[in-house]
Each structure stands twice: as C-alpha cells, then as structure tokens.
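Geometric and topological summary
Here is what each chain is made of, one letter per residue.
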Amino acid sequence: MPKLQGFEFWSHTLRGARHVVAPMVDQSELAWRLLSRRHGAQLCYTPMLHAQVFVRDANYRKENLYCEVCPEDRPLIVQFCANDPEVFVQAALLAQDYCDAIDLNLGCPQMIAKRGHYGAFLQDEWDLLQRMILLAHEKLSVPVTCKIRVFPEIDKTVRYAQMLEKAGCQLLTVHGRTKEQKGPLSGAASWEHIKAVRKAVAIPVFANGNIQSLQDVERCIQDTGVQGVMSAEGNLHNPALFEGRSPAVWELAEEYLDIVREHPCPLSYVRAHLFKLWHHTLQVHQQLREELAKVKTLEGIAAVSQELKMRCQEEISRQEGAKPAADLPFHWICQPYVRPGPREGSKEKAGARSKRALEEEECGTEVLSKNKQKKQLRNPHKTFDPSLKPKYAKCDQCGNPKGNRCVFSLCRGCCKKRASRETADCPGHGLLFKTKLEKSLAWKGTKPELQEPQTATPSTPGGFSEVMSSALA
C-alpha cells in the first residue's frame, strides 16, 4: 500500500482526528493515553523520545515503545528529538512499525533542549531541518510530521512552515508561542500566527496553545481554520476536556489508577499525574500534598487519593445549604490551571530575567525551591545553603573541579589526555604513563633472546630417531 500524504493521511490514517493529546515528557505514557482516549481524545502522541538513545539502547526502546503496544492505542504518532538526519532516520525506522507517523520535535523550549541542541533551538537551521525531513520522507514507510513554535514575525513563521512542507512534512502542529515564552513568561499563544500558517500551506495543521476547555477547541478551529487542536496542560488537569465535561477529580484519578495497574508505568509518572489532577484540592489540604510526595508505592498513592476524595465529600456534605468558605469552593472538580505570570510591576523587565530570578523575586532569596524543599525532607541533616557548600578550584581547560594534587592543575579527564600526550606521570590522579614506559623498556632490555626451535623432517640426516636418542642421552 502506498504511503498516504497530506489530507489523505489525516482523513484516512488519522481518521480525521480533531482532538489531539500532545507529546509530553514522562506524562503522555500509555496509561494516560488510554484514559484520554476514553474521554474524547482521537489522536495521541508518545512522550518525546531521544533519537540517539533510541538507536543505541534496546532497553530504552522496550521501555518506551515496544512493550507498550496496545490495539486501543491507535492512531498513534511517535515523537523524536534529533539534530542529525541519519540518527533521526535510524530511530524512525526502528519505530515505524509501531505507529502511524513519526514526528520531529522542533518545539521544545527547555534548557535541556538548548544544551542538547534540539527542539525549538533548531528553528534557525533551515538547511539541517530540510535534510532531516527530506531523508525521513524518502526512507520511511509512514509519513513524517513536525511540531514547531512560532517566530515573533508572522511572515518568517509562514516561510518556516512552507520550507518544512516542501521538504516532505505531511502534517504540521503549530504552537502559537515563541521559544522564549515558557514558565512564568508563557503568556497567551498567538492564534494569528497559526491562522497565517494554515492559509499558507497545503497540508493539515493542528493548533496548540490556549486550550483549556471544549469551547476553546471549537473557537480555535473556527478562528484559525485548522484541522485539529492539541492540548497539553489542559488535558493534564482535565482528561475529559474533549468531552466538554468537568467531572469530580476522584472519578478520573481512580480510573487512571485502574489503567496503571493493567499497564504499569514508573511511579514518578503516576505521582505527577495525581499532583496535576488534585492540584486545586492540594492547595486546601496541604498536609496531604506532603504525603503524596513521600509515598513509595502505587497503593500508597491510591490511599492518598482516596483520603482526598473522602475529605472532599465531607466538605461537600458540610456545604449543602451553606455558603462555601474556601477560596476554591469547587476545588474537587477537574478544571483548568492558569499559570501565574510575573508580577504586574515587573512586566517590562520580565523578558530579560530567568524563571529562577522571578521565583526568587516572589519568594525571597532565602526560601529554598520546591525541589530542594522535597530533598530536605528526605535528608534533614543535609545543608542546601549555597553559601555553606565547599568551593572547588576549576580545571584550567574545561571548568570541571580540578584534582587537588594534580601536577597539571587539571581535572582527571584533561589530566589523562595531557599525561598520555606528554608521556608524564600524575601521582595525584594515579596516572603513571612515564613510569610504565620506563619499566617496559627496562624489561625489554633484560629479556633473553629466544632461540629458533629446530624442526626435524624425514629427509634430515639422523631423522627423528637421532633427535630422540640425543634427548634421552
């Protein structure tokens, strides 16, 4: 069967999907995809997979794709991050039999993507992206798609989308934010950018951004003309978003935990999902937030969720006929989470500051981050005060901590290279290239010459019997 392309691929293979669950690292695993599909999602993406690791590590392939094969989990698109055409295609070839399309992540704005040189940090390397998409389009038996972020300029975003389409991209998901819009600086996604892209290309387009309810989905399709709408955070806080419902949190939490028992996944994924689902309730019952962070088993997580359910039901019974006292009277209902932005007074300066700087401004520099607070609970005797941490001298070449007794004032890695190059010793790092070479030369000098063994043949005078006789004598 020939590979379907463009609108034919969307309408037949993807069954005209309009409600799409986004690829989310450690969050769009099989159990969550199945839950979302039961509540209106028509297409799901895997979490972003690292192409290079997928190629070299069989366990990574098994844990993230091969062992998760499930007939209910289709149509499915596998997303990779990559920056090398050959590696991207090798990974895609290993995955293509388990999905309906391969997606290239060009939208991740996180620092890890910057360090790894992938995601949204490839959006200026158009020649590289053309080669990646073109090679994948030629080699794969399934279509290749892309998920992108926009440029500040609409016309540049349009040219970017047209370039990807020309290279062989068969479906484009456009997140209407720039790579700088993340965390407290996310702001609203630009549907104008998405609308311009949709008008400029002849392939299906999905919109991503500002989707918190089914009304948002319908309004986005109407305003932009896209074929489908993708949701990430909205889906995490309310998996029934595409049904237009806001059920009680415990209803979806219990259903998700039942699916996890059938399709296990790492406990960290489950905990993260429960934190999202119960987010508003945990603002009221803070002590149970700590309990949820500490438990080490699936049944422990289920017990905390059950306790939250009981407290909510008690609160509901108390509030019958009375005016709710809490700031969130209906915190037990699945509902959107609006990410707080920077303070109003610092809007002009916010663009030049990092997320950590904004957190420190809100909380004060003496308050530990939430992550360090959790670590402190696990290690109460450990200090997390940066001023009390030991200061290490840095390696002259790479900046890593240098060895205190290194003769070159380098870290072990740099020291090993230099000692090998110069045939020198560094007792501080236990590197003895010079000593070993001298011992080797000395051993060769005292080594006795080995004599050539004499071989007897039948034609040799005396032959074998003479040799044996002399040996016995």
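This text goes with the structure placed above it.
The paragraphs below set out a description of the structure included in this document. Quick caveat, the model's predicted, so the values are computed rather than measured.

Conventions adopted
- Residues numbered from 1 in each chain as written.
- Predicted model: local features only at pLDDT ≥ 70, side-chain atom pairs only at ≥ 80, totals over all residues.
- Heavy atoms only, no water.
- Salt bridge = Lys/Arg side-chain N within 4 Å of Asp/Glu carboxyl O.
- Helix = DSSP H or I, 4+ residues; strand = E, 2+ residues; numbered from the N terminus.
- Buried < 20%, exposed > 50% of the residue type's maximum accessible area, 1.4 Å probe, protein only.
- 1 Å grid on protein atoms, 1.4 Å probe; cavity = no way out; pocket = protein on both sides within 12 Å on 5 of 7 lines; lining within 4 Å.
- Points joined across faces, edges and corners; volume = space filled by probe spheres on them.
- Nonpolar A, V, L, I, M, F, W, Y, C, P; charged D, E, K, R; others polar.
- Contact = heavy atoms within 4.5 Å.
- Pairing = 2+ DSSP bridges.
- Right-handed = clockwise from strand over helix to strand, strands pointing away.

Section: the pattern of salt bridges
Enumeration according to the criterion identifies 14 salt bridges in this entry. One salt bridge connects Asp216 with Arg219, and the closest N-O pair in it is separated by 3.5 Å. On the criterion of helical spacing, the pair formed by Asp216 and Arg219 is a turn pair, its members being three residues apart in helix H10 (residues 214-224). Exposure remark for Asp216: the relative accessible area of 14% places this residue in the buried category. A single network of salt bridges, built from pairs that share partners, joins Arg33, Arg37 and Asp73.

Here we look at unusual backbone geometry
Cis geometry is adopted by the peptide bond preceding Pro75, which originates at Arg74 and carries an omega value of 0 degrees. Among the structural elements, Pro75 can be located in the loop between helix H4 (58-64) and strand E4 (76-81). In this structure, Asp26 takes a positive phi of about 60 degrees despite not being glycine. Judged by its relative accessible area of 37%, Asp26 falls in the partly exposed class. The backbone of Thr423 shows a phi angle near 50 degrees, a positive value even though the residue is not glycine. If you trace the backbone, Thr423 turns up in the loop between helix H20 (412-422) and strand E10 (425-426).

Quick word on the layout of surface pockets
Here the second largest pocket is characterised by a volume of approximately 380 Å³. Along the wall of the second largest pocket there are 19 residues; nearest its centre are Glu63, Asn64, Glu68, Pro266 and Tyr269. Among the elements of the structure, helix H2 (30-38), strand E3 (49-50) and H4 are those that each provide at least two residues to the lining of the second largest pocket. Residue classes in the lining of the second largest pocket are distributed as eleven nonpolar, three polar and five charged.

Some words on the environment of Ala17
Here Ala17 is to be found in the loop between helix H1 (6-13) and strand E1 (19-21). Ala17 gets classed as buried once you look at its relative accessible area, which sits at 1%. Note: C-alpha distance between Ala17 and Leu43 (26 residues apart in sequence) is 6.0 Å. Not counting residues within four places of it along the chain, the set of residues in contact with Ala17 comprises Trp10, Gln42, Leu43, Phe206, Gln227 and Gly228.

Thoughts on the pairing of strand E5 (residues 101-106)
Counting buried positions along E5 yields six of six residues, so the element is predominantly enclosed. Alternating residues of E5 divide into Ala101, Asp103 and Asn105 and Ile102, Leu104 and Leu106, and every residue in both groups is buried. Inspection of the sheet shows E4 paired to E5 by four bridges, in the parallel sense. Across the sheet, Phe80 pairs through a bridge with Leu104, a residue of E5. This β-α-β element, E4 to helix H5 (residues 85-95) to E5, shows right-handed connectivity.

Some words on the pairing of strand E6 (residues 144-149)
Of all six residues in E6, six are buried; the element is thus mostly enclosed. On E6, burial covers both faces: Val144, Cys146 and Ile148 on one face and Thr145, Lys147 and Arg149 on the other are all buried. Strand direction decides the pairing type here: E5 and E6, joined by five bridges, are parallel. Within E6, the residue paired with Leu104 across the bridge is Cys146. Across four bridges, the pairing between E6 and strand E7 (residues 172-175) is parallel.

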